[in-house]
Every structure is written in C-alpha cells, then in structure tokens.
Amino acid sequence: AQTVTQSQPEMSVQEAETVTLSCTYDTSENNYYLFWYKQPPSRQMILVIRQEAYKQQNATENRFSVNFQKAAKSFSLKISDSQLGDTAMYFCAFMKWKTSYDKVIFGPGTSLSVIP
Amino acid sequence: ETGVTQTPRHLVMGMTNKKSLKCEQHLGHNAMYWYKQSAKKPLELMFVYNFKEQTENNSVPSRFSPECPNSSHLFLHLHTLQPEDSALYLCASSQDLMDYGYTFGSGTRLTVV
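Let me begin by describing the structure that accompanies this report. (Residues numbered from 1 in each chain as written. Chains lettered and ligands numbered in written order. Predicted model: local features only at pLDDT ≥ 70, side-chain atom pairs only at ≥ 80, totals over all residues. Heavy atoms only, no water.)

**Describing the overall build of chain B**
- Broken down by element type, chain B carries zero helices and eleven strands.
- Secondary structure elements of chain B occur, N-terminal to C-terminal, as β-β-β-β-β-β-β-β-β-β-β.
- Scaling as 2.2 N^0.38, a compact globule of 113 residues should have a C-alpha radius of gyration of about 13 Å, and chain B matches this with 13 Å.
- Expressed along its principal axes, the backbone C-alpha trace of chain B runs to roughly 35 × 30 × 25 Å.
- By residue count, 50% of the 113 residues in chain B fall in the buried class.
- Taking the intrachain contacts of chain B between residues at least 6 apart in sequence as the baseline, contacts between residues at least 24 apart amount to 54%.
- As presented, chain B carries roughly 5,200 Å² of accessible surface, and 50% of it is formed by carbon and sulfur atoms. (Helix = DSSP H or I, 4+ residues; strand = E, 2+ residues; numbered from the N terminus. Rg over C-alpha atoms; globule rule 2.2 N^0.38 Å. Buried < 20%, exposed > 50% of the residue type's maximum accessible area, 1.4 Å probe, protein only. Contact = heavy atoms within 4.5 Å. Areas by Shrake-Rupley, 256 points an atom, 1.4 Å probe, with all protein chains shown as cover.)

Below is the structure:
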C-alpha cells in the first residue's frame, strides 16, 4: 500500500524568504503522479503543482518548485519569495498512474506560517 | 466563485438530529467526491460518484448517507452522529475519474454535540 509522510507538522518563514516543505512516500509503482495542495484559512484546497514520475525535470509554477528524487522517494516543495498569502496547510499527495482519481493518497499536512 | 459551493459553511448538530450537507458544482464535471478532514489526520475519502453512480464507499458508517441526484449536486445526509464525526467535510469534483484536476469546495465545518 502507498503511504505519504510529511515530517514537519508546522513551519514558519519570514516574508520574502525561501522555505522548503518535505514529503516522502512509499510505493512499489514505477509510474505515478505527485501533487502539492494548498489549503488556506478559507479552507478551499487548491492544487499548487504536480509532477509525473516519468519526467526527469522538476515541475515549476511561478514561485513554487519541487525537488523530485525518485530513487529516494522524496518530493519536497520549495516556495521562493514567501508572501503572506502563502500561509496555509500544505498537503502532499500521491496517485498511481492510469488509475481512477479516487485513489489519491494524501499526507497529514504541514502548517506553514509566513511572518511579516 | 469557486466553482464548487458547499452549504452550510458551519453546522452544529446534536447526536439525535438529522441534517444534510450540500455540494454544487457549475463546472460540467462528472465525478464528485466527499472527503472527511479531521485534525492531525490525512484526508479520508468517503464517497465517489461518477455520472451520478456511486463508485466508491470507503467503509463509511451508515449514519452517513450520500445522494447524487444529478452530476451537479451531491448531498451527504447525516443522522445519529457521534462526537468523533466532528470534522471538516470537503466536496470535490473532477471532469471524470481519470482527471487529476480536482476542484475543491470550502467545506462544511461540522460539530456534533
């Protein structure tokens, strides 16, 4: 069975600084998707970034980038130039390749606070 | 306009009450989901509907009863709940079951007293 671990329950970062959130996962699959979701105080979960395991290149979306280490089963999220609006819970998630989307496995989340 | 709207935003109910949570999406999606989010725990998938048909029931107690009258609406009927059922209930939708572009609602914060 797949599992997703986020070892940092809470983190904080100064505004404009860079922060990295950790995620590790366990799977025997070779092809899969990985995601980072953001849940701000408004509670709506928003997809931040996704990575296909077969792609070597790390995904990037504006200030958000990932460091995907397939062999180590690690998928960290780097937020550059942190903004107050980045304060939120961040969830790492895993989905097997070519399966129904109802099999997404979420991690327990990391609460990020951006300090002015 | 988030695309997925959940009502009510907050709900407090007694253990003997009957209430319903509502989810509505205007995105033309065919798959809809109920998730339970408890403190310090990963999101738990409860139910999945695809084209109005239930495809997944993750061993959810019968005191939770889903209903999907059409592809745009999803309900979660609640009766004789327990205090441990207090949580944030999130609705999500996607184009279909193979689409990983989930859109979430803002959830209903449920407190059972």
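**Considering the interface of chain A and chain B**
- The interface is formed by 23 residues belonging to chain A together with 26 residues belonging to chain B.
- Both sides of the chain A and chain B interface together cover about 2,000 Å² of buried area, and 56% of this is carbon and sulfur.
- At the boundary of chain A with chain B, the tally comes to zero salt bridges.
- Our count for the contact surface shared by chain A and chain B stands at six residue pairs in polar contact (both at pLDDT 80 or more). (Buried area = accessible area lost by both parts, 1.4 Å probe. Salt bridge = Lys/Arg side-chain N within 4 Å of Asp/Glu carboxyl O. Polar contact = N/O pair within 3.5 Å; in protein donor to acceptor, adjacent residues only side chain to side chain.)

**Notes on the side chain of S38 of chain B**
Residues and elements named next belong to chain B.
- With respect to the helices, strands and loops of the structure, S38 is situated in the loop between strand 4 (31-37) and strand 5 (44-50).
- Classification of S38 by relative accessible area gives buried; the value is 13%.
- Excluding its chain neighbours within four sequence positions, the residues that come into contact with S38 are E44 and A87.

**As for the state of the cysteines**
- Across all of its chains, the model carries two disulfides over all chains by this definition.
- Put simply, C23 of chain A and C92 of chain A are joined by a disulfide, and their sulfur atoms are 2.0 Å apart. Taking the sign of the S-S torsion, about -70° here, the bridge from C23 of chain A to C92 of chain A comes out left-handed. Placement of the pair is C23 of chain A in the loop between strand 3 (19-21) and strand 4 (24-26) and C92 of chain A in strand 10 (residues 88-96), with a sequence separation of 69 residues. Side by side, C23 of chain A and C92 of chain A carry an identical accessibility label, which is buried.
- Note that C23 of chain B is cross-linked by a disulfide to C91 of chain B, the S-S spacing being 1.9 Å. Taking the sign of the S-S torsion, -75° for the link of C23 of chain B and C91 of chain B, the bridge is left-handed. (Disulfide = S-S within 2.5 Å.)

**Looking at the nonpolar core**
Residues and elements named next belong to chain A.
- In terms of nonpolar packing, the biggest core is built from 25 residues, with Y25, W36, F75, L77, Y90 and L112 touching the most fellow members.
- Only strand 3, strand 5 (32-39), strand 6 (46-52), strand 8 (64-69), strand 9 (74-79), strand 10 and strand 12 (110-115) provide two or more residues apiece to this core.
- With four residues, the top contributor of residues to this core is strand 10. (Core = buried A, V, L, I, M, F, W, Y, C linked by side-chain atoms within 4.5 Å.)

**Some points on the pairing of strand 9 (residues 87-94) of chain B**
Residue and element names in this part refer to chain B.
- Of all eight residues that make up strand 9, eight are buried, and the element is covered over most of its length.
- Side chains A87, Y89, C91 and S93 of strand 9 all project onto a buried face; the interleaved residues L88, L90, A92 and S94 project onto the opposite face, where all are buried too.
- For strand 4 and strand 9, the ladder comprises seven bridges, and the chain directions are antiparallel. Among the inter-strand pairings, Y35 is bridged to a residue of strand 9, identified as L90.
- Across three bridges, strand 9 lies against strand 11 (residues 108-112) in antiparallel orientation. Note on strand 11: the bridge partner recorded for A87 is L110.
- When strand 9 meets strand 10 (residues 103-104), the two strands line up antiparallel, connected through two bridges. Across the sheet, residue A92 finds its bridge partner in strand 10, namely F104. (Pairing = 2+ DSSP bridges.)

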